[in-house]
Amino acid sequence: MNAAQIDRFFAILQAANPAPQTELEYASVFELLTAVLLSAQATDVGVNKATRRLFAVANTPAQVLALGTDGLESHIKTIGLYRSKAKHLLQTCQILIDQHGGEVPRSREALEALPGVGRKTANVVLNVAFGEPTMAVDTHIFRVSNRTGLAAGKTPLAVELGLLKRVPAAYLVDAHHWLILHGRYVCQARKPQCGACAVVNECDHGRQLKLRSA
């Protein structure tokens, strides 16, 4: 994809969804951090079901700590890897209280120092909670970026850096939402819905399909 195609690609996605949002449910920065930490190798739908139960009884670091391991696990046991996630969340809550006054820090370094919080999770929090132009590369964004030619790369970090370089500044804050939603519902892994894709004419893969069918 060249610069003009990339600009049209995002202009089309923006026109269809001017204010994209994460599909994780949250009402505070801590709830967002918790939901994203729990979302690894899990669906947003599954995480939301669990966090509705959890946040009804504990939605602050102190309240989550008060649940203890057994109490926390009982609320999130429907999520994959729930034992390790519970351990990491409890450790994170303790650090938030001890080092950050119970608040979620705004710096990447501090976020990535939290147990269970990697670069992708930090990027989500920085973007969604604090409006920073970060790119949280999950499986959907990785696939869409490589398939479309938007930002090819062999690793999530390579794709992230490519996107930050190639996505026009005007679209950067919302770009990762558009790409996740596009990958989740249109540019799917096994059967991309190219016939229903609004940006197929800007996409390398879509243009190749047209050439082969001509």
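Structure shown above.
Since we're looking at a predicted model, the values are computed, not measured. (Residues numbered from 1 in each chain as written. Predicted model: local features only at pLDDT ≥ 70, side-chain atom pairs only at ≥ 80, totals over all residues. Heavy atoms only, no water.)

1. Some words on the overall build of the chain
So, step 1. Across its full length, the chain holds eleven helices and zero strands.
So, step 2. Along the chain, helices (α) and strands (β) appear in the sequence α-α-α-α-α-α-α-α-α-α-α when read from the amino end.
So, step 3. For 214 residues, the compact-globule estimate of 2.2 N^0.38 gives 17 Å, and the C-alpha radius of gyration of the chain, at 19 Å, lies within 12% of that figure.
So, step 4. Taking the principal axes of its C-alpha atoms as reference, the chain extends roughly 65 × 30 × 30 Å.
So, step 5. A total of 214 residues make up the chain; the buried ones form 46% of that total.
So, step 6. If you take every contact in the chain between residues at least 6 apart in sequence, the share linking residues at least 24 apart comes to 60%.
So, step 7. With an accessible surface of roughly 10500 Å², the chain has 55% of that area assigned to carbon and sulfur atoms.
So, step 8. If you average the places of the 23 positive and of the 17 negative side-chain charges in the chain, the two averages end up 11 Å apart. (Helix = DSSP H or I, 4+ residues; strand = E, 2+ residues; numbered from the N terminus. Rg over C-alpha atoms; globule rule 2.2 N^0.38 Å. Buried < 20%, exposed > 50% of the residue type's maximum accessible area, 1.4 Å probe, protein only. Contact = heavy atoms within 4.5 Å. Areas by Shrake-Rupley, 256 points an atom, 1.4 Å probe, with all protein chains shown as cover. Lys, Arg positive; Asp, Glu negative; His and termini not counted. Charge placed at Lys NZ, Arg CZ, Asp CG, Glu CD.)

2. Focus on a nonpolar patch on the surface
So, step 1. Together, Leu157, Leu161 and Leu164 give the surface a local cluster of nonpolar side chains, amounting to about 240 Å² of exposed area.
So, step 2. Looking at the element boundaries, Leu161 is found in helix H9 (residues 156–166). (Patch = residues over 30% accessible without salt bridge, like charges linked within 9 Å, V, L, I, M, F, W, Y side chains within 5 Å. Salt bridge = Lys/Arg side-chain N within 4 Å of Asp/Glu carboxyl O.)

3. Let's talk about the nonpolar core
So, step 1. Of all hydrophobic cores here, the largest spans 35 residues; its most connected members are Val64, Leu72, Ile76 and Leu111.
So, step 2. Only helix H2 (29–38), helix H3 (44–57), helix H4 (61–76), helix H5 (82–100) and helix H7 (119–129) provide two or more residues apiece to this core.
So, step 3. The residues touching Ile76, leaving out its near neighbours within four places in the chain, are Leu38, Ala50, Leu54, Tyr82 and Ala86.
So, step 4. The next biggest cluster of nonpolar side chains, apart from the first, holds 24 residues, and it includes Val159, Leu163, Val167 and Tyr171. (Core = buried A, V, L, I, M, F, W, Y, C linked by side-chain atoms within 4.5 Å.)

4. Here we look at the side chain of Thr22
So, step 1. Relative to the helices and strands, Thr22 is located in the loop between helix H1 (3–16) and H2.
So, step 2. Separated by 3.2 Å, the side chain of Thr22 and the backbone nitrogen of Leu24 make a polar contact.
So, step 3. Ignoring sequence-local partners within four residues, the contact set of Thr22 consists of Val128 and His177. (Polar contact = N/O pair within 3.5 Å; in protein donor to acceptor, adjacent residues only side chain to side chain.)

5. Let's talk about the packing of aromatic side chains
What characterises a pair of aromatic rings is the spacing of the ring centres plus the angle enclosed by the ring planes.
So, step 1. Using the criterion set out here, one finds four aromatic pairs in the structure.
So, step 2. Seen in terms of ring centroids, Tyr171 and Trp178 are 6.2 Å apart; in terms of plane orientation they differ by 70°. Their pairing is edge-to-face. For the pair formed by Tyr171 and Trp178, the shared burial category is buried.
So, step 3. These aromatic residues form a ring-pair network of at least three members: Phe9, Phe10, Tyr171 and Trp178. (Phe/Tyr/Trp six-rings, centres within 6.5 Å; stacked < 30°, edge-to-face > 60°.)

6. A closer look at unusual backbone geometry
So, step 1. Residues other than glycine seldom take positive phi values, yet Gln41 does so here, at roughly 55°.
So, step 2. Here Gln41 shows up in the loop between H2 and H3.
So, step 3. Phi at Leu81 is positive, roughly 60°, even though this residue is not glycine.
So, step 4. Mapped onto the elements of the fold, Leu81 is located in the loop between H4 and H5.

7. Describing the environment of Leu24
So, step 1. The topology assignment puts Leu24 in the loop between H1 and H2.
So, step 2. Through-space distance from the C-alpha of Leu24 to that of Ser39 is 8.8 Å; in sequence the pair is 15 residues apart.
So, step 3. Excluding anything up to four places from it in sequence, Leu24 contacts Ala35, Val36, Asp44, Val47 and Asn48.

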